[in-house]
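# Analysis of the macromolecular model
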Amino acid sequence: MERINLFRYKKPILKVSSFIFFTVALLSPVLAMRFTLEFYKRSVINSIQLNHSTIVGKYRLNLTNTPLPSLLSTIDNINNQLVQTSKRLQAQIDHLEAHIKNYNEKMEPLARALTSLQKNDQNWLVLRRLEYGDSFKVELYELYEPNAFKKSDLLEKVLLESGYKVSKNVIYDTSMPFLNSRISNMIIEGRK
Amino acid sequence: MPRRLAIVLSLSITLALALYLDVYDYLRFSNLSAKLESSLVRLEQYDKNVSEKRDYLARLENILQPRVSIKRVESLVSSTDLSFSAQKDGTFLIEGKCEPEKLVLILSELLKYANLTVQSLYIDGSELPPVVIDQTQKSVFLNVKVVLKGVMLE
């Protein structure tokens, strides 16, 4: 008996329900992978949150419930604000440091020089001119006892200690016998 | 539906969804999580930097003691005949004629404060030393010009 294939010329088809079933069957590992990926994403986010818990807490960032693009945008905004704050603080620091440097360079020598010119009972001192800026220039009259320490010498010493190169121009220094003293007029100039 | 076409279609749908839901999403997430990590590291660095600068600034501000306000300097100068004015370059100018005692008072007061520096000082004794004749005392005036510069004067 001869075996004859009666479906030889029949076109092979798949029913829609079979097609759907087949497709769903193929998709199941894809969806399973998708769920696994979601768990992986959560664990990665939790790990990041744990590694940076201090900063996340400080800026109240919600890593778990916020979409990553908006989270990144928020963090970038905070970073930009911090950069601006840092620049502003640096400018303030530079300003204060420059002031402190300027104060040490200018105010201390001036205060010491002015203190050295303070009048005491023995000597009589009159300031004719004082110019202070980049240099220090003083013209003064001094009535002093010959054995006493002169204020002008003290000023010269103070300027030398403050790092000035001092030049002294004595216009006159003469004795006043009736007072048992001497009187002098001099210009003291200090340059850095 | 022809079987071959159905199989190809089904495989195509599966492949497309696998590429989108798994591969693309994984790569996108990897990229975003790496960016998140680096952004947080930068945030930590910037935050540390700002905190350190704030601390340092506070220490610098503490060094500058005692401090004087510009109103206090103004009121100090107003007690004399000197004029006080703010300049365009941020400095302050005190100038005019003043008695020596008052000038000594002003200078000794200004030298106390750490937030103020005397940029330049010019004192000119325009008159000769005082002479007392028959109880008549001639007062001496000095020409004064002081340029001040300061910080934290508010």
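Residues numbered from 1 in each chain as written. Chains lettered and ligands numbered in written order. Predicted model: local features only at pLDDT ≥ 70, side-chain atom pairs only at ≥ 80, totals over all residues.

### A closer look at the overall build of chain A
Helix and strand content of chain A: four helices and four strands. In terms of overall dimensions, chain A is more spread out than a globule: its C-alpha atoms have a radius of gyration of 46 Å, far above the 16 Å expected for 192 residues. Each principal axis of the C-alpha distribution contributes one length, and for chain A these read about 165 × 30 × 20 Å. Counting the 192 residues in chain A, one finds 15% classified as buried. (Helix = DSSP H or I, 4+ residues; strand = E, 2+ residues; numbered from the N terminus. Rg over C-alpha atoms; globule rule 2.2 N^0.38 Å. Buried ≥ 20, exposed ≤ 12 C-beta atoms within 10 Å, placed from the backbone.)

### Remarks on the sheet that holds strand β2 (residues 135-144) of chain A
Strands sit in the order β3(A)-β4(A)-β2(A)-β1(A)-β3(B)-β6(B)-β2(B)-β1(B) across an open sheet of eight strands; the sheet is antiparallel. Only two strands of the sheet have a single neighbouring strand rather than two, namely β3 (165-176) of chain A together with β1 (83-86) of chain B. Direction aside, the axes of adjacent strands within the sheet are offset by 15 degrees on average. For β2 of chain A and strand β4 (residues 181-191) of chain A, the ladder comprises ten bridges, and the chain directions are antiparallel. Its bridge partner lying in β4 of chain A, Val-138 of chain A is registered against Ile-188 of chain A. The sheet contacts of helix α3 (residues 68-116) of chain A involve β1 (124-132) and β2 of chain A together with β3 (116-125) of chain B, and relative to β3 of chain B the element is tilted by about 35 degrees. (Pairing = 2+ DSSP bridges. Axes fitted to C-alpha atoms, helices over the stretch in contact; angles between N-to-C directions. Contact = placed C-beta atoms within 7 Å.)

### Some points on the nonpolar core
Core analysis: the largest hydrophobic core is formed by 32 residues, its most contacted members being Ala-113 of chain A together with Ile-94, Leu-121 and Val-144 of chain B. Excluding anything up to four places from it in sequence, Val-144 of chain B contacts Leu-82, Ile-94, Glu-95, Gly-96, Cys-98, Leu-103 and Ile-123 of chain B. In terms of nonpolar packing, the next biggest core, distinct from the first, is built from five residues, Leu-71 and Ile-75 of chain A together with Leu-36 and Leu-40 of chain B among them. (Core = buried A, V, L, I, M, F, W, Y, C linked by C-beta atoms within 7 Å.)

### Quick notes on the environment of Ile-171 of chain A
Residues and elements named next belong to chain A. Along the chain, the position of Ile-171 falls in strand β3. Residues Ile-171 and Pro-12, 159 residues apart in the sequence, show an inter-C-alpha distance of 128 Å. Beyond its immediate sequence surroundings of up to four residues, Ile-171 is in contact with Asn-185, Met-186 and Ile-187.

### Quick notes on the interface of chain A and chain B
As a measure of interface size, the accessible area lost when the parts come together is often cited. Listed as interface residues are 54 residues of chain A and, on the opposing side, 48 residues of chain B. Residue assignment for the side of chain A that touches chain B shows that the elements contributing at least two residues are α1 (16-51), α3 and β1 of chain A. A total of 26 residues in the side of chain A that touches chain B trace back to one element, the largest contributor, which is α3 of chain A. Its residues assigned to classes, the side of chain A that touches chain B shows 35 nonpolar, eleven polar and eight charged. Relative to β3 of chain B, β1 of chain A runs antiparallel, the two sharing four bridges. Looking at β3 of chain B, one finds that Arg-129 of chain A is bridged to Asp-124 of chain B. (Nonpolar A, V, L, I, M, F, W, Y, C, P; charged D, E, K, R; others polar.)

### Regarding the pairing of β1 of chain B
Residues and elements named next belong to chain B. Pairing analysis gives four bridges linking β1 to strand β2 (residues 92-98), with the strands arranged antiparallel. Looking across to β2, one finds that Ser-83 is bridged to Glu-95. Here β1 folds back onto β2 in antiparallel fashion, the turn holding five residues, of which Gly-90 has a positive phi close to 90 degrees.

### Here's the deal with the pairing of strand β6 (residues 142-150) of chain B
All names here are of chain B. As paired strands, β2 and β6 are joined by seven bridges and run antiparallel to one another. Counterpart to Leu-93 in the pairing with β6 is Val-147. As paired elements, β3 and β6 share nine bridges and run antiparallel to each other. What sits directly across from Leu-116, in β6, is Gly-150.

### Focus on the domain arrangement of chain B
Taken domain by domain, chain B holds domain 1 (1-63) and domain 2 (70-150). Between the C-alpha centres of domain 1 of chain B and domain 2 of chain B the distance comes to 66 Å. (Domains from an automatic or database assignment.)

### Description of the packing of α3 of chain A against helix α4 (residues 151-161) of chain A
All names here are of chain A. For the pair α3 and α4, interaxial distance at closest approach is 9 Å and the crossing angle is 165 degrees. Between α3 and α4, the crossing angle belongs to the class labelled roughly antiparallel. You can see that α3 and α4 cross each other, and the crossing is right-handed. Contacts between α3 and α4 pair Arg-112, Ala-113 and Ser-116 from the former with Lys-151, Leu-154, Leu-155, Val-158 and Leu-159 from the latter. In the contact of α3 with α4, the residues fall into five nonpolar, one polar and two charged. (Parallel < 35°, antiparallel > 145°, perpendicular 65-115°, else oblique. Left-handed = near helix turned anticlockwise from the far one by under 90°.)

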